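Per-entry structural report
Each chain, written out:
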There are 4 protein chains.
Amino acid sequence: MKKIRVAIVGAAGYAGEELLRILTRHPQVEIKIITSRQNAGKDIAEVFPRLAGTGLTFSMPDVNRILAECDTAFLALPHGLAAEFAEPLMRGGIPVIDISADFRLRSLEKYKQYYKVDHPAPGLLKDAVYGLPERYREQIRKANLIACPGCYVTSVLLPATALLHAGLVSPENIIVCSLSGVTGAGRKVDLPYIFPECNESMRAYAVSAHRHLPEIEQELAVAAGVDSVTINFVPHLVPVNRGINSTIFMNVTDKFTPEAAAAAYQEQYGNDPFIRFLGNGKLPDTKHVTLTNVCEFGFVHDKHTNRLIVCSCIDNLTKGASGQAVQNMNIRFGLEETTGLL
Amino acid sequence: MKKIRVAIVGAAGYAGEELLRILTRHPQVEIKIITSRQNAGKDIAEVFPRLAGTGLTFSMPDVNRILAECDTAFLALPHGLAAEFAEPLMRGGIPVIDISADFRLRSLEKYKQYYKVDHPAPGLLKDAVYGLPERYREQIRKANLIACPGCYVTSVLLPATALLHAGLVSPENIIVCSLSGVTGAGRKVDLPYIFPECNESMRAYAVSAHRHLPEIEQELAVAAGVDSVTINFVPHLVPVNRGINSTIFMNVTDKFTPEAAAAAYQEQYGNDPFIRFLGNGKLPDTKHVTLTNVCEFGFVHDKHTNRLIVCSCIDNLTKGASGQAVQNMNIRFGLEETTGLL
Amino acid sequence: MKKIRVAIVGAAGYAGEELLRILTRHPQVEIKIITSRQNAGKDIAEVFPRLAGTGLTFSMPDVNRILAECDTAFLALPHGLAAEFAEPLMRGGIPVIDISADFRLRSLEKYKQYYKVDHPAPGLLKDAVYGLPERYREQIRKANLIACPGCYVTSVLLPATALLHAGLVSPENIIVCSLSGVTGAGRKVDLPYIFPECNESMRAYAVSAHRHLPEIEQELAVAAGVDSVTINFVPHLVPVNRGINSTIFMNVTDKFTPEAAAAAYQEQYGNDPFIRFLGNGKLPDTKHVTLTNVCEFGFVHDKHTNRLIVCSCIDNLTKGASGQAVQNMNIRFGLEETTGLL
Amino acid sequence: MKKIRVAIVGAAGYAGEELLRILTRHPQVEIKIITSRQNAGKDIAEVFPRLAGTGLTFSMPDVNRILAECDTAFLALPHGLAAEFAEPLMRGGIPVIDISADFRLRSLEKYKQYYKVDHPAPGLLKDAVYGLPERYREQIRKANLIACPGCYVTSVLLPATALLHAGLVSPENIIVCSLSGVTGAGRKVDLPYIFPECNESMRAYAVSAHRHLPEIEQELAVAAGVDSVTINFVPHLVPVNRGINSTIFMNVTDKFTPEAAAAAYQEQYGNDPFIRFLGNGKLPDTKHVTLTNVCEFGFVHDKHTNRLIVCSCIDNLTKGASGQAVQNMNIRFGLEETTGLL
């Protein structure tokens, strides 16, 4: 079988490094192009010594070369910039797998509100499929623009949407409290992210203002079959490299029982290779999922408040970004969904 | 001025070590007795090398000796055991400052429900004063049994009770999500707490079952002037040594404005030396409070849900345990409240 | 091709977990038996949730069952215990890959001196091959007892023996200073290894008394072609999960030039897939090798003392233990050496 | 008693922050001026929230104002810049306590070799006293320019010079292997120091090229009474915030016995409040000294190589920088040496 020839645009950040980690071992992929404006011309070993021996070299991004040599392109770029590349690549006929935020929100207004700029390519939104395979697998199979979900978003949607879809929890008064490792901030050279400022520190940030908030709300509404959902979302920065832990508070409906919740998960995710529902009363740990594409979760039904508390863990760079992107590629190109991801 | 002669009963755990750190520098204190069954006879330098030079030696706990030589005793013991010591020490006429959980809950029933044993000394409960100085200072001045609050509890009560008391937030539907460093688990030698099991790990635990839950509810009810309050409380373990970050979600009342909240804090805590209210929109960080007795907090009013989100940080061993205990001692013995704590 | 059926004896420690991580993805291996006295009967997911889905269950160790069902056995046991299993398994006709220390030292006297017990199976020593593939590959191909090197030892021998062998450095006055992550201590539940005792701590230990010392000396002597070598070796514990960094000080001989050293590495390791020599003046980092079977190293020739300083990094659990064990299995069973290890 | 009025020039880095931590609690000090070009005009709480309440504000550095208002100035500046301030301040008549590297080396040549620039103020060198109180206390009492030692240097000199001075170890073939926490790199915003690049990483750096190397050699030679000493020095970066652990390999002389070494320490440091010699066979831990001004050390005599291995720990920011600077101020101004440092 012919290998899929891929380009990674913006390969020098943490999402790019994680794509490289996965794709250099993927049996059906040939990495043809890795780009980085800042590192163009450098051997990969200079930037990521772990990947010495893969023989790759960074180049300047070049749409024509990608179109000539590749079957697909991953965009691991800042928002705004991703849209600039998506358009000509799609026009050139190859499917684009976007890890940026540019095509996740359906609402141009929300995009502007949270990203503080006008949407850079509104015309492409109609082609964008939301790249959460466990909920949009069929659309992904034929998508030409796959908008991979945000990391926090993935950790929340997987356990929450199944219960909303089954009518076991209410879409009202949902509260999410998330913890993330520092790679979630990107490979960003900024004072708050140097080691002594993060180590032995725990802090909430972007309270009610995080860019993943409208994305969570959008997809919870889809799952609940309602027009809109309004939640609280508070992310926290924690001194680990990788991992997200989300604790989700939801009001249960009259239909809720722990057994019904377990059945909903079984029905909706029973065949999903990257879902690990631990069961009623069992709680996940990020160290069980780091460097994997798995979302691990469990719940506790708090009878004295009649609220359901779901705890969910993913690796922010794998299932929260690059692993999920590869999962989408596998689906889009008709491969076994787990190829290169186990 | 004559120094206060103190005993530390159970001085070999982390709360004991923190008491030693503070009291060895306290200008008005003479540490007379430090006890540890396991380390009796050992020089302090063998257990805590930092404290070499203080000349202290661990001994077996001996109530009569404490009564003969000391003016007060700190109990840094497991629950149940603390009550055993409190009774004869109080009968012997010295005030007891208890860091354990034995005298925090007013309800014997809740004690049994959460601690799984009958209360060991119900007769003493009427003498116990809840040792949160910012709310019970006057009672502490004459208390003979001071029940220092739990660490999570302190981080929640300080920012939340002031707003409840002022009627700016509702006592209903309060949700608390807390993060704690590993010293919060005590100096416990158990597989889940060894370094490789905690490092690079984030995990919720004791969801809706933590022993600090009924204590938070009890004191929120007092502040709100209602019979009972029912909350959700989810603690998380995070790989830092010290610190607690609590994120508290509360529904605001019609009276709420950010200015009114700031005014309530000013009115209730304006003279409190260990309260650092950062202001509207400002968020705390545990690294700003570790090794201090300060509670630092700020809030965000999320208009799209009309909920108030308060984030609060303390050092779990200082304001969350031993620092607060010393603050209580200072108050009880008529010293400046900050003595030895700045 | 028929898969190699393997047993992992002592699979519940960190070396066992790492064997499981590698072997569950190894395309030519079928894990038949995993043993743990303490966890016998438990599903693997209870002990290592990451490995849920592999369908494995811990059992009590049973030599007869291993001989009936397996082609080889990995021993991830404490020293002393490993010898008890090695003997009947070898007699039963399957090659044994031992990660313990029982068959590394040729000298019974040194074994007794450093392990404080008589050697448990001196009769087997003649069959033992030292499992450092880069130096003993041919012997490993037909070995029935492969004694995998210690973790510190591997990090020192790979860069040092090649230079000794080439006569570029002197076997006299070698000094080694090593740093290790906490998994190096095993999955040990002991006060010095709980999180708050390791975090924010750096400490030397077992100075001139570490069990890896005689093993390093033995193999340096072999490489140098001398009767014995005497070194200083000081290990340090550092708050990371994985990784060893060894800094090796050696006196250069008259033949030494940086080019000659590079040539020696090229000659001796030019085809070795897990050796990454960075070059003159380049220094390794443990984060480049964690979770890989690679040994990365570089050197600096300090002209003002005329000493060579070699810095070397491995993952203590992979190249330092289980990865190397699998590399040995691959060699012993005629597979590509890198199978399952890239 | 009149308080010492101090200026801290360059107060926004980690050494500055540590000076502030110590001096805000120092009973004989009034902080008059804190400078930072970058933060001039900012309240201290904006830069260091822990220090909110001290009422300090950053200003632009202004020599005339310092001379008008202060009795002494601490320079916590990069090398080169420190010399620019030292000259006018000294001329203006106040003693200068310099934490930079500008006045540590006696040799202009070595300064140029290691700092890559000509010495900025060679005329001041004759006035500079090396600020290691345990060895230069009498000179410090009347010094007008105190050059506080480097952090690594302090950790090495304290245990090593006493033995050299007593003739118990040889000044030849000394090898030093040090580990440092990340604050040692300063509050530097650079890719290698962001959290994910340091966490789970151990790496040697500046092998045989570190700027502290000639400083260690200079002072070892003084202690040994020889013209020059030549050593190997390899620093390593380790993921902790604070602390240095130095392991020092020295050849013993015929006079050496463990008892003689202990006696030498007793004789030379018996009255020194910040020296904690643990004894023969005892090893230090950085966690015992962080946030203190103590140097803790012990040794092992390795009989099989006849080398002495000394392990030494300090807090790089306290005894390694700002604590030692305050100790020097105390000496210079005739205060009890430990004032503000216990």
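The structure presented is a predicted model; accordingly, all values stated were derived computationally and were not measured.

A word on the pattern of salt bridges
Side-chain pairing between opposite charges can occur once the charged atoms of the two side chains come close. Residues and elements named next belong to chain D. Following the criterion strictly, the structure yields 76 salt bridges over all chains and no others. Between Glu18 and Arg242 there is a salt bridge, and its shortest N-O distance comes to 2.6 Å. Taken together, the residues Glu18 in helix α1 (residues 14–23) and Arg242 in the loop between β10 (232–237) and β11 (244–251) connect sequence positions 224 residues apart. Given the relative accessible area of 15%, Arg242 is considered buried. A salt bridge links Asp315 to Arg242; its shortest N-O distance comes to 2.7 Å. With Asp315 in the loop between β14 (307–314) and α11 (318–332) and Arg242 in the loop between β10 and β11, this residue pair connects regions lying 73 residues apart in the sequence. As far as the burial class goes, Asp315 and Arg242 line up, both buried.

Focus: the interface of chain A and chain B
Counting residues at the interface gives 49 residues for chain A and 49 residues for chain B. Approximately 3700 Å² of surface area, both sides summed, lies buried where chain A meets chain B, with 61% of it carried by carbon and sulfur atoms. Among the residues chain A hides against chain B, the three largest losses belong to A:Glu200, A:Met202 and A:Lys287. Together they make up 20% of the total. One can count four salt bridges joining chain A with chain B. The partner of A:Lys287 in a salt bridge is B:Glu197, and the shortest N-O contact between them spans 3.9 Å. One can count 26 residue pairs in polar contact (both at pLDDT 80 or more) joining chain A with chain B. Of all the secondary-structure elements, those providing two or more residues to the side of chain A that touches chain B are β8 (175–180), α8 (195–198), β9 (203–204), α9 (212–224), β10 (232–237), β11 (244–251), β13 (295–302) and β14 (307–314) of chain A.

Thoughts on the interface of chain C and chain A
Listed per partner, the contact involves 15 residues of chain C and 15 residues of chain A. Regarding the contact of chain C and chain A, the summed buried area is about 1200 Å², with carbon and sulfur atoms giving 45% of it. For the pair chain C and chain A, the interface holds zero salt bridges. Across the contact surface, chain C and chain A share eight residue pairs in polar contact (both at pLDDT 80 or more).

Digging into helix α5 (residues 108–115) of chain C
All names here are of chain C. For α5, the set of buried residues is Tyr111, Tyr114 and Tyr115. All buried residues of α5 lie within an arc of 85 degrees about the axis, which places them on one face of the element. Residues of α5 that are buried sit in contact with α9 (212–224). Near the N-terminus of α5, the side chain that reaches the backbone nitrogen of Glu109, with its oxygen 3.2 Å away, is that of Ser107. Downstream of α5 by one or two residues, Lys116 has phi in the positive range, about 65 degrees.

So, the environment of B:Ile174
With respect to the helices and strands, B:Ile174 occurs in the loop between α7 (151–165) and β8 (175–180). Separated by 46 residues in the primary sequence, B:Ile174 and B:Leu220 place their C-alpha atoms 9.8 Å from one another. Setting aside chain neighbours within four positions, we find B:Ile174 in contact with A:Arg307, B:Leu164, B:Leu220, B:Thr230, B:Ile231, B:Asn232, B:Ile248, B:Phe249 and B:Met250.

Looking at the relation of the copies chain C and chain A
Note on the identical chains: chain C maps onto chain A by a rotation of 180 degrees and an axial translation of 0.0 Å, with an RMSD of 0.0 Å. With respect to symmetry, the two chain copies, as superposed, fit the operation of a two-fold axis. Considering only C-alpha atoms, the part of chain C nearest the rotation axis is C:Glu200, at 4.5 Å. Mapped onto chain A, 100% of the interface residues of chain C are again interface residues, and the two copies thus contact each other with one and the same surface.

A few points about the packing of helix α6 (residues 133–141) of chain C against helix α11 (residues 318–332) of chain C
Residue and element names in this part refer to chain C. The contact between α6 and α11 brings their axes to 9 Å, and the two run at 40 degrees. When the axis of α6 is compared with that of α11, the two are oblique. Where α6 crosses over α11, the two elements pack in a sense that is right-handed. In contact with Pro133, Glu134, Arg137, Ile140 and Arg141 of α6, α11 contributes Lys319, Gln324, Gln327, Asn328, Ile331 and Arg332.

Comments concerning unusual backbone geometry
The residue B:Leu291 is not glycine, and still its phi comes out positive at about 65 degrees. Within the element layout of this structure, B:Leu291 appears in the loop between β12 (275–280) and β13 (295–302). The backbone of C:Ala206 shows a phi angle near 45 degrees, a positive value even though the residue is not glycine. Here C:Ala206 shows up in the loop between β9 (203–204) and α9. Under the relative-accessibility criterion, C:Ala206 is labelled partly exposed at 30%.

Points about the sheet that holds β10(A)
Residue and element names in this part refer to chain A. If you walk across this open sheet you meet the seven strands as β9-β10-β8-β11-β14-β13-β12, and the pairing is mixed. Looking at strand neighbours, the two that pair on one side only are β9 and β12 (275–280), the edges of this open sheet. Both β12 and β13 contribute to a ladder of five bridges, which runs parallel. If you follow Phe277 over to β13, its bridge partner there is Phe297. Along the sheet, helix α10 (residues 258–269) makes contact with β12, β13 and β14, crossing β13 at roughly 160 degrees.

Notes on the relation of the copies chain A and chain B
The operation relating chain A to chain B is a screw motion whose rotation component is 180 degrees, with 0.0 Å of axial translation and a residual RMSD of 0.0 Å. A high fraction, 100%, of the interface residues of chain A reappear at the interface in chain B, so the copies pair face to face through one surface.

Structural notes on the sheet that holds strand β12 (residues 275–280) of chain D
Residues and elements named next belong to chain D. Strand order in the open sheet formed by seven strands is β9-β10-β8-β11-β14-β13-β12, with mixed pairing between adjacent strands. Edge strands, defined here as strands with exactly one partner in the open sheet, are β9 (203–204) and β12. In the sheet, strand β8 (residues 175–180) pairs with β10 via six bridges, with the strands oriented parallel. Paired with Leu179 across the strands is His236, a residue of β10. Its contacts with the sheet place helix α7 (residues 151–165) against β8, β10, β11, β12, β13 (295–302) and β14, and it is angled at close to 35 degrees to β11.

Focus on the state of the cysteines
For the structure on display, the rule yields two disulfides over all chains. Between A:Cys177 and B:Cys177 runs a disulfide, and the two sulfur atoms are separated by 2.5 Å. Since a negative S-S torsion denotes a left-handed disulfide, the A:Cys177-B:Cys177 link at about -105 degrees is left-handed. Taken together, the residues A:Cys177 in strand β8 and B:Cys177 in strand β8 connect one chain to another. Owing to a relative accessible area of 0%, A:Cys177 belongs among the buried residues under this scheme. As a non-bridged cysteine, B:Cys70 has B:Cys148 as the owner of its nearest cysteine sulfur, 17 Å distant. Not part of a disulfide, C:Cys313 finds its nearest cysteine sulfur in C:Cys311, a span of 7.7 Å.

What about the environment of B:Thr318?
Residue and element names in this part refer to chain B. Tracing the backbone through its elements, the reader meets Thr318 in helix α11 (residues 318–332). Relative accessible area serves as the criterion here: at 2%, Thr318 is assigned to the buried category. Taking the C-alpha atoms as reference points, Thr318 and Tyr265, 53 residues apart in sequence, are found 22 Å from one another. Ignoring sequence-local partners within four residues, the contact set of Thr318 consists of Glu18, Arg21, Ile22, Arg242, Leu291, Thr292, Asn293, Gly323 and Gln324. Among the polar contacts made by the side chain of Thr318, one reaches the side chain of Arg242 at a distance of 3.5 Å.

Observations regarding the nonpolar core
All names here are of chain D. With 86 residues, the main nonpolar core has Leu20 and Leu163 as its most contacted residues. The element contributing the most residues to this core is α7, with ten residues. Residue contributions to this core reach at least three from each of two domains, namely domain 1 (4–149 + 320–332) and domain 2 (152–316). Once residues within four sequence positions are removed from consideration, Leu163 is found in contact with Leu168, Val169, Met250, Ala261, Ala264, Tyr265, Leu308 and Val310.

Examining the packing of α7(B) against helix α10 (residues 258–269) of chain B
Residues and elements named next belong to chain B. Where α7 meets α10, the axes come as close as 9 Å, and the angle between the chain directions of the two elements is 105 degrees. As judged from the angle between their axes, α7 and α10 are roughly perpendicular. Residues Leu157, Leu158, Pro159, Thr161, Ala162, Leu163 and His165 of α7 form the contact with α10, whose own contacting residues are Ala261, Ala264, Tyr265, Gln268 and Tyr269. Tallied by class, residues from the contact of α7 with α10 come to nine nonpolar, three polar and no charged.

Thresholds, definitions, all that
Residues numbered from 1 in each chain as written. Chains lettered and ligands numbered in written order. Predicted model: local features only at pLDDT ≥ 70, side-chain atom pairs only at ≥ 80, totals over all residues. Heavy atoms only, no water. Salt bridge = Lys/Arg side-chain N within 4 Å of Asp/Glu carboxyl O. Helix = DSSP H or I, 4+ residues; strand = E, 2+ residues; numbered from the N terminus. Buried < 20%, exposed > 50% of the residue type's maximum accessible area, 1.4 Å probe, protein only. Contact = heavy atoms within 4.5 Å. Buried area = accessible area lost by both parts, 1.4 Å probe. Polar contact = N/O pair within 3.5 Å; in protein donor to acceptor, adjacent residues only side chain to side chain. Arc of directions from axis to C-beta. Least-squares fit on C-alpha atoms with pLDDT ≥ 70 in both. Axes fitted to C-alpha atoms, helices over the stretch in contact; angles between N-to-C directions. Parallel < 35°, antiparallel > 145°, perpendicular 65-115°, else oblique. Left-handed = near helix turned anticlockwise from the far one by under 90°. Pairing = 2+ DSSP bridges. Disulfide = S-S within 2.5 Å. Core = buried A, V, L, I, M, F, W, Y, C linked by side-chain atoms within 4.5 Å. Domains from an automatic or database assignment. Nonpolar A, V, L, I, M, F, W, Y, C, P; charged D, E, K, R; others polar.

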